[in-house]
Amino acid sequence: MGKLTLYGIDGSPPVRSVLLTLKALGLDFEYKIVNLREGEHLKPEFLKINPLHTVPALEDDGFYLSDSHAINSYLVSKYGKDDSLYPKDLQKKAIVDQRLHYDSSAVTSAGLAIIRPIIFQDNWEIAQAKIDALDAVYKNLNLFLEKGDYLAGNNLTIVDFHLAAALTGLVVFLAVDSTKYPKLAEWIERVKKLPYYEEANGTAAAPFVALLKSKNFTIV
Amino acid sequence: MMNKIKISGNSSAVSCKPRENNEMGKLTLYGIDRSPPVRSVLLTLHALGVEFEFKIVNMKEKEHLKPEFLKINPLHTVPTLVDDGFCLSDSHAINSYLVSKYGKDDALYPKELQKRAIVDQRLHYDSSVVGPTGKAIVFPILHLNNTQIPQARIDALEGVYKNLNLILESGDYLAGNDLTIADFHVAAGVTGFVAFLEVDASKYPKLADWIQRIKELPYYEEANGTRVAQIVEFFKSTNFTIV
């Protein structure tokens, strides 16, 4: 059994979703920080691992894989004691896949639209439309949670890891209104109670959240 | 292979509850021709040779926001699939499900863990990069009456072409040496986006070859070709400018 190596940085929600999955599966792994600010992801050593130069990237005994959703699905399928985190049943899996792609498309674009200008351009003015787009995401997540305690039904799956990681930073800009989105507010608390949550997403996210809180943003 | 496809113009009331009898239910795809995700499902359905009904959703008339459609997809997006009472949205989830359920084999969505992981990574590249890059160009034209496209958005599309070409250095298809649903998703998108930026075969030879390879699939014309040709013509007719 070769070594599992995760390449990434704590600030990245997709990286933290993999940390949550690795902890949930109880796996040993090496965590190698890739310093994006110093352009480490663009250097030849990292391009060999992932020519698309994104994090997270996984190495499993010579097999390289990028994209957090693909990584988490692979990890559960290969190392899970059972399939609960990523069900094999066709209909259950289809619902999980739909939620995973919702994360990749709607949630990621809503998040990047707000966070990118802050991190890369020190621009703390956020267009109202971007806050509205994030509110629409909260609305849809709340809708998903009407079907069960977790985002893909009654059981915890990797979908919950992706969204927990993403929302950790985003709630700085728009709090989850528990009167408007009660199911979402409850779910956030439910996920925080997972035994490995603090280590994989709580403490890991803290410096990033502090950065997002370090200046006042204005909605324009 | 001829599919018995019925194309109808309105979405009559359907519920997401499973059927009470044991009859094999109908596969129904809800969508519109212009949507690349919808066309990726049409490619998959044709490749699988399964019978289905294609119901056009009149989005201009906000049909997708009406109660009947919200019942089958509260996110009111297309494509939406209804399979014998099971309602599913998102083209990637739909295509994965269709191959797993109806494929004679797993070639289009391999079960082997590493091969599947590579396909999944390509599918999420489509969701997170290819799709949004195209949408950023197309949305203002279709919905905001704005035909001035910022150069940065065309540059982003070229960035996608560059990455796809890089991916294709590893095999004839996007996930390796065999055709998979990943090819359907990206082909449905790129064959429309070329209206704004052609694929320069000298810069991106692998990508250009791959597009030709996809166009040679026997069901390509019916599932994607004729539909996307109309869309490309429409975009060109808007006399868009790159600013």
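You'll find the structure just up there.
Residues numbered from 1 in each chain as written. Chains lettered and ligands numbered in written order. Predicted model: local features only at pLDDT ≥ 70, side-chain atom pairs only at ≥ 80, totals over all residues. Heavy atoms only, no water.

Participant: I keep staring at the interface of chain A and chain B and nothing clicks. Help me out?
Facilitator: Bring the parts together and some accessible area is lost; that lost area is often taken as the interface size. On the chain B side, the residues contacting the 29 residues of chain A number 28 residues. Carbon and sulfur atoms supply 73% of the area buried between chain A and chain B, which totals about 2,300 Å² over both sides. The largest per-residue losses of area from chain A upon contact with chain B belong to A:Leu52, A:Leu90 and A:His101, which jointly make up 26% of the total buried on that side. Where chain A packs against chain B, one counts 4 residue pairs in polar contact (both at pLDDT 80 or more). Secondary-structure elements contributing two or more residues to the side of chain A that touches chain B are β4 (63–66), α3 (68–79), α4 (90–121) and α5 (128–144) of chain A. If you tally residues by element for the side of chain A that touches chain B, the top one is α4(A), at 12 residues. When grouped by side-chain class, the residues that make up the side of chain A that touches chain B number 15 nonpolar, 10 polar and 4 charged. (Contact = heavy atoms within 4.5 Å. Buried area = accessible area lost by both parts, 1.4 Å probe. Polar contact = N/O pair within 3.5 Å; in protein donor to acceptor, adjacent residues only side chain to side chain. Helix = DSSP H or I, 4+ residues; strand = E, 2+ residues; numbered from the N terminus. Nonpolar A, V, L, I, M, F, W, Y, C, P; charged D, E, K, R; others polar.)

Participant: Would you take a moment to explain the environment of A:Gly148 for this structure?
Facilitator: Residue and element names in this part refer to chain A. For Gly-148, the location among the structural elements is in the loop between α5 and α6 (158–170). Remark: the alpha-carbon pair of Gly-148 and Arg-116, spanning 32 residues in sequence, is separated by 33 Å. Ignoring any residue separated from it by four or fewer positions in sequence, one finds Gly-148 in contact with Gly-153 and Asn-154.

Participant: Would you take a moment to explain the nonpolar core for this structure?
Facilitator: Side chains of nonpolar character tend, in soluble globular proteins, to be buried together. Within the largest apolar cluster, 151 residues are counted, with the highest numbers of intra-cluster contacts made by A:Leu75, A:Trp187, B:Leu98, B:Phe196 and B:Trp210. In this view, B:Trp210 contacts B:Leu168, B:Asp172, B:Tyr173, B:Leu174, B:Asp183, B:Val186 and B:Ala187; residues no more than four positions away in its chain are not counted. (Core = buried A, V, L, I, M, F, W, Y, C linked by side-chain atoms within 4.5 Å. Buried < 20%, exposed > 50% of the residue type's maximum accessible area, 1.4 Å probe, protein only.)

Participant: Where do I start with the side chain of B:Ser96 in this structure?
Facilitator: Along the chain, B:Ser96 turns up in helix α3 (residues 91–102). Looking at B:Ser96, the relative accessible area reads 3%, which means it is buried. Among all residues touching B:Ser96, those that are not within four sequence positions of it are A:Lys93, A:Asp97, B:Tyr109, B:Leu123 and B:Ile181.

Participant: How do you make sense of the pattern of salt bridges when you look at a structure like this?
Facilitator: Think of it this way: side chains of opposite charge can pair up when their charged atoms draw near. Residues and elements named next belong to chain A. In this structure the tally under the stated criterion is 14 salt bridges over all chains. Between Lys-3 and Glu-30 there is a salt bridge, with its nearest N and O atoms 2.9 Å apart. Residue Lys-3 is located in the segment before β1 (4–8), and its partner Glu-30 is located in strand β2 (residues 30–33); the two are separated by 27 residues in the primary sequence. According to the relative accessible area criterion, Lys-3 is exposed, its value standing at 52%. The exposure class of Glu-30 is partly exposed, given its relative accessible area of 29%. For Asp-60, the salt bridge is made with Lys-78, and the minimal N-O distance between the two is 3.1 Å. Taken together, the residues span a long stretch of sequence, with Asp-60 in strand β3 (residues 57–60) and Lys-78 in helix α3 at a distance of 18 residues. It is possible to trace a salt-bridge network through shared partners that takes in Asp-149, Glu-186 and Arg-190. (Salt bridge = Lys/Arg side-chain N within 4 Å of Asp/Glu carboxyl O.)

Participant: Please clarify how the packing of aromatic side chains should be interpreted in this entry.
Facilitator: Aromatic rings considered in pairs are described by the distance between their centres and by the relative angle of their planes. A complete count under the given rule lists 13 aromatic pairs over all chains for this structure. Aromatic pair B:Phe86 and B:Tyr97: ring centres 5.2 Å apart, planes at 50°, arrangement tilted. Taken together, the residues span a long stretch of sequence, with B:Phe86 in strand β5 (residues 86–89) and B:Tyr97 in helix α3 at a distance of 11 residues. Note on B:Tyr97: relative accessible area 3%, which makes it buried. The interplanar angle of 50° and the centroid separation of 4.9 Å between the aromatic rings of B:Phe196 and B:Phe235 together place this pair among those described as tilted. Placement of the pair is B:Phe196 in the loop between α6 (181–193) and α7 (205–215) and B:Phe235 in helix α8 (residues 220–237), with a sequence separation of 39 residues. When sorted by exposure, B:Phe196 lands in the same class as B:Phe235, which is buried. Taken together through their ring pairs, the aromatic side chains of B:Phe196, B:Phe234, B:Phe235 and B:Phe240 make up a single cluster. Looking at A:Arg99, its charged tip hangs above the ring of A:Phe144, at a distance of 3.9 Å from the centre. Above the face of the B:Tyr109 ring, B:Arg116 is positioned so that its terminal group lies 3.7 Å from the ring centre. (Phe/Tyr/Trp six-rings, centres within 6.5 Å; stacked < 30°, edge-to-face > 60°. Lys NZ or Arg CZ within 6 Å of the ring centre and 35° of its normal.)

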